[in-house]
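If you want the building blocks of each chain, they are given just below.
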Amino acid sequence: MATVVMSHYCKPSPFLGQFPSHFAKSSSRQVVETAVQESKISALFWGSKKAVEPKELNVSLQDSILTGGGLEKQITPKKISLSIISSISEVSSNEWDACNLDATGPDKFNPFLTHAFLSSLEESRSAVKETGWMPSHIVAKDETDNVLGVVPLYLKSHSYGEFVFDHSWADAYYGFGSRYYPKFQCCVPFTPVTGPRILVRNTPFRDQLFDVLVSALKDLAAKSQVSSLHITFPTEKEWHSLKEKGFLQRIGMQYHWKNHNYKNFDEFLMDMKQSKRKNIRQERKKVSTQNLNMKRLRGYEIKARHWDTFYSFYRNTTDNKWGTPYLTRDFFHNLGSKMGDQVLLVVAEEGDELVAGALNIIGGDTLFGRLWGCHPKAYYPSLHFEACYYQAIEAAIELNLNTVEAGAQGEHKIQRGYLPVTTYSCHYLIDEAFRKVIEEFLVRESNQVKLVMKLIRDSGPLKEGIK
């Protein structure tokens, strides 16, 4: 019986392929003198693969001198000091947001990278050490304490709330006697939205500072003795740059709606294939015949009672789907008070009662659909599609936005006009043997993702020639 238990717990992940025979002797951790087969037994004594509470960081980062380079050789060199902060409140909102705005540009403004959004997560106790998200943001300042760059970073004790799945990697680490957690995660918690992750001010030192911050991330991972560092949902430009810095590349897929200068929803429908167009009209008609009133609320129109009710809807969704809610009630109230008109709440009313809602955030050129929930004791056919997808499309047309990002996963979005787009992530693994195996896996996975995207696009819901 004992042999069966050991084999079950230590079986390598089927997604990672065959591990090299020398793996158990990796120099990056305690040497195991036995063969890989025997490591199945020794792995039982390495402790649990479950989430572990991260310890406080006691690591310093090296200062740097930036020279400008290129055509700016006459610029006076600038000394940059790097620090790790345990709360975003240690940086002013003006300084943090200036880095974000310079990194994205006003047209591509990303609301999830703002001080308001990230501080709402921390202040509401949604993304804190106790929930496995220990803030460890990196801040770069010049000699006069001006903030020139920031990196949203968390020391993680699990892999939940990331939307780039590496649980099989953690299982494989454990199977060979190593710990995968804690790990560093550079991202926006609970938010699978693409955007820059290395937020740097627009100065002559910009490219140099980007390199300095990436080196600091790698140095921090090594000094902290974590298994890995993950940068999830970066921009494609960052994704290519980070490959040159030793990060493994990974791709994923989401479904986005594109606005082809539509004047109204019916004009969008005319770009759909006839069968899809008919289906959408039928779904919207179902909602209108159920005595439901759809409203789109923004800013001051969203009252405390709306947030309390929406939180109960959110809890209904998490209780039925995931089991554990990531966000607290306070998060929604904080979000509403801090982000104002950037928040768009779609609600469905039956009489005077709210029965469903969908939370959206407005960016520079994109409407981001985030969360959905409904009354636990009611069922309204097609209401989910109306609140999350069709109302979002109407809002994007009305606000002249280019894109609707409707969150992660969900093949049902395709027939409603949302097409696949590539998402990106970068992974820096300390152990060279594991790195090699995961790199091989990522190549196979990438080929599969590209094939699926092509098949979906070739048989998509839009008329031929419309992308």
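Within an unreviewed UniProt entry, the label attached to the protein reads Acyl-CoA N-acyltransferase, and the organism entered is Salix suchowensis.

Visitor: Explanation requested: the overall build of the protein in the structure shown.
Guide: Scanning the protein from N- to C-terminus turns up 13 helices and 16 strands. Buried positions account for 53% of the 467 residues belonging to the protein. Looking at the protein alone, contacts between residues at least 24 apart form 76% of all its contacts between residues at least 6 apart. With the model as given, the accessible surface of the protein reaches about 21900 Å², and the carbon-plus-sulfur share is 50%.

Visitor: It is not clear to me how the packing of aromatic side chains should be interpreted in this structure. Could you clarify?
Guide: Aromatic rings in a pair are described by how distant their centres are and how their planes are angled relative to each other. One pass over the full model with this rule turns up 26 aromatic pairs. A centroid spacing of 5.1 Å and a plane angle of 85° characterise the contact between Phe112 and Phe368, whose relative ring orientation is edge-to-face. Of the two residues, Phe112 is situated in the loop between helix H3 (93-104) and helix H4 (115-123) and Phe368 in strand S14 (residues 366-374); the sequence distance between them amounts to 256 residues. Summarising the burial analysis for this pair, Phe112 and Phe368 share the class buried.

Visitor: Where do I start with the sheet that holds strand S8 (residues 199-200) in this structure?
Guide: The strands making up a sheet are joined through hydrogen bonds of the backbone, oriented either antiparallel or parallel. Overall, antiparallel pairing links the 5 strands, which are arranged S1-S2-S4-S5-S8 in an open sheet. Strand pairing shows two members of the sheet lacking a second neighbour, strand S1 (64-66) and S8, which therefore form its edges. Where strand S5 (residues 147-151) and S8 come together, 2 bridges link them in antiparallel fashion. Looking at S8, one finds that Gly149 is bridged to Val200.

Visitor: Looking at this structure, I do not really get the packing of helix H9 (residues 274-288) against helix H12 (residues 383-399). What am I missing?
Guide: When two helices pack together, you describe them by how their axes are tilted relative to each other and by the distance separating the axes. At a minimum axis separation of 10 Å, H9 and H12 run at an interaxial angle of 110°. One element, H9, and the other, H12, form an angle in the roughly perpendicular class. As H9 runs across H12, the sense of the crossing is left-handed. Across the interface between the two elements, Ile280, Glu283, Arg284 and Val287 of H9 pack against Leu383, Phe385, Glu386, Tyr390, Gln391 and Glu394 of H12. Partitioned by chemical class, the residues of the contact of H9 with H12 number 5 nonpolar, 1 polar and 4 charged.

Visitor: Please explain the sheet that holds strand S9 (residues 228-232) as it appears in this structure.
Guide: Taking strand neighbours across the sheet as the criterion, the 11 strands line up as S3-S6-S7-S9-S16-S10-S15-S14-S13-S12-S11 in an open arrangement whose pairing is mixed. On the outer flanks of this sheet lie strand S3 (133-135) and strand S11 (293-298), each paired with one strand and no other. Across the sheet, the mean angle separating the axes of adjacent strands is 30° when strand polarity is ignored. Pairing between strand S7 (residues 183-186) and S9: 3 bridges, direction parallel. Bridge pairing in S9 places Gln185 opposite His230.

Visitor: Explain the nonpolar core here, please?
Guide: A general tendency of soluble globular proteins is for nonpolar side chains to be buried together. With 42 residues, the main nonpolar core has Phe117, Phe332 and Leu359 as its most contacted residues. Breaking this core down by element, the ones donating at least two residues are H3, H4, S5, helix H10 (304-321), helix H11 (329-339), strand S12 (343-350), strand S13 (353-362) and S14. The leading source of residues in this core is H10, at 5 residues. When near neighbours in sequence (up to four residues on either side) are disregarded, Phe117 contacts Pro111, Phe112, Val188, Thr191, Phe331, Leu335 and Met339. In terms of nonpolar packing, the next biggest core, distinct from the first, is built from 41 residues, Phe265, Ile280, Ala406 and Ile414 among them.

Visitor: What is the right way to read helix H13 (residues 432-458) from this model?
Guide: Along an α-helix, a turn takes 3.6 residues, which lines up residues three or four apart on a common side. Its 27 residues give H13 an end-to-end C-alpha distance of 39 Å, which sits within 8% of 39 Å, the value for a rise of 1.5 Å per residue. Along its buried surface, H13 packs onto helix H5 (167-175), strand S10 (248-258) and strand S16 (419-429).

Visitor: Teacher, can you tell me more about the pattern of salt bridges here?
Guide: Close approach of charged atoms allows side chains of opposite charge to pair. Under the definition given, this model contains 21 salt bridges. In this structure, Lys156 engages Glu162 in a salt bridge whose closest nitrogen and oxygen atoms are separated by 2.5 Å. A residue is classified by how much of its surface remains accessible, and Glu162, at 4% relative accessible area, is buried. A salt bridge links Asp458 to Lys454, with the nearest nitrogen and oxygen atoms 2.8 Å apart. Of this pair, Asp458 and Lys454 both sit in helix H13, 4 residues apart, which is roughly one turn of that helix. If you follow the salt bridges from partner to partner, you end up with Arg284, Arg296, Glu386, Glu394 and Glu398 in one network.

Visitor: How do you make sense of unusual backbone geometry when you look at a structure like this?
Guide: Glycine aside, negative phi is the norm for most residues, and most peptide bonds take the trans geometry. Of note, the bond from Tyr181 into Pro182 is cis; its omega dihedral lies within 30 degrees of zero at 5°. Tracing the sequence through the fold places Pro182 in the loop between H5 and S7. With a phi angle near 60°, Gln225 is a residue other than glycine that sits in the positive phi range. In this structure, Gln225 sits in the loop between helix H6 (206-224) and S9. Even without being a glycine, Gln409 presents a positive backbone phi close to 60°.

Visitor: What is the right way to read the pairing of strand S15 (residues 403-408) from this model?
Guide: Every other side chain in a regular strand lies on the same face of the sheet, so the side chains alternate between the two faces. With 5 of 6 residues buried, S15 is to be regarded as a mostly interior element. As paired strands, S10 and S15 are joined by 4 bridges and run antiparallel to one another. Bridge pairing links Trp257 to Val404 in S15. Pairing between S14 and S15: 3 bridges, direction parallel. Directly across from Leu367, in S15, lies its bridge partner Val404. Taking the sense of rotation as the criterion, the β-α-β connection linking S14, H12 and S15 turns out right-handed.

Visitor: How do you make sense of the packing of H5 against H13 when you look at a structure like this?
Guide: Packing of H5 against H13 leaves a shortest axis separation of 12 Å and a crossing angle of 150°. Seen along the crossing, H5 lies across H13 with a hand that is right-handed. Only Phe434, Ile438, Phe441 and Leu442 of H13 make contact with H5, whose side of the interface consists of Trp169, Ala172 and Tyr173. Its residues assigned to classes, the contact of H5 with H13 shows 7 nonpolar, no polar and no charged.

Here is what the cut-offs are and how they apply
Residues numbered from 1 in each chain as written. Predicted model: local features only at pLDDT ≥ 70, side-chain atom pairs only at ≥ 80, totals over all residues. Heavy atoms only, no water. Helix = DSSP H or I, 4+ residues; strand = E, 2+ residues; numbered from the N terminus. Buried < 20%, exposed > 50% of the residue type's maximum accessible area, 1.4 Å probe, protein only. Contact = heavy atoms within 4.5 Å. Areas by Shrake-Rupley, 256 points an atom, 1.4 Å probe, with all protein chains shown as cover. Phe/Tyr/Trp six-rings, centres within 6.5 Å; stacked < 30°, edge-to-face > 60°. Pairing = 2+ DSSP bridges. Axes fitted to C-alpha atoms, helices over the stretch in contact; angles between N-to-C directions. Parallel < 35°, antiparallel > 145°, perpendicular 65-115°, else oblique. Left-handed = near helix turned anticlockwise from the far one by under 90°. Nonpolar A, V, L, I, M, F, W, Y, C, P; charged D, E, K, R; others polar. Core = buried A, V, L, I, M, F, W, Y, C linked by side-chain atoms within 4.5 Å. Expected span 1.5 Å × (residues − 1). Salt bridge = Lys/Arg side-chain N within 4 Å of Asp/Glu carboxyl O. Right-handed = clockwise from strand over helix to strand, strands pointing away.

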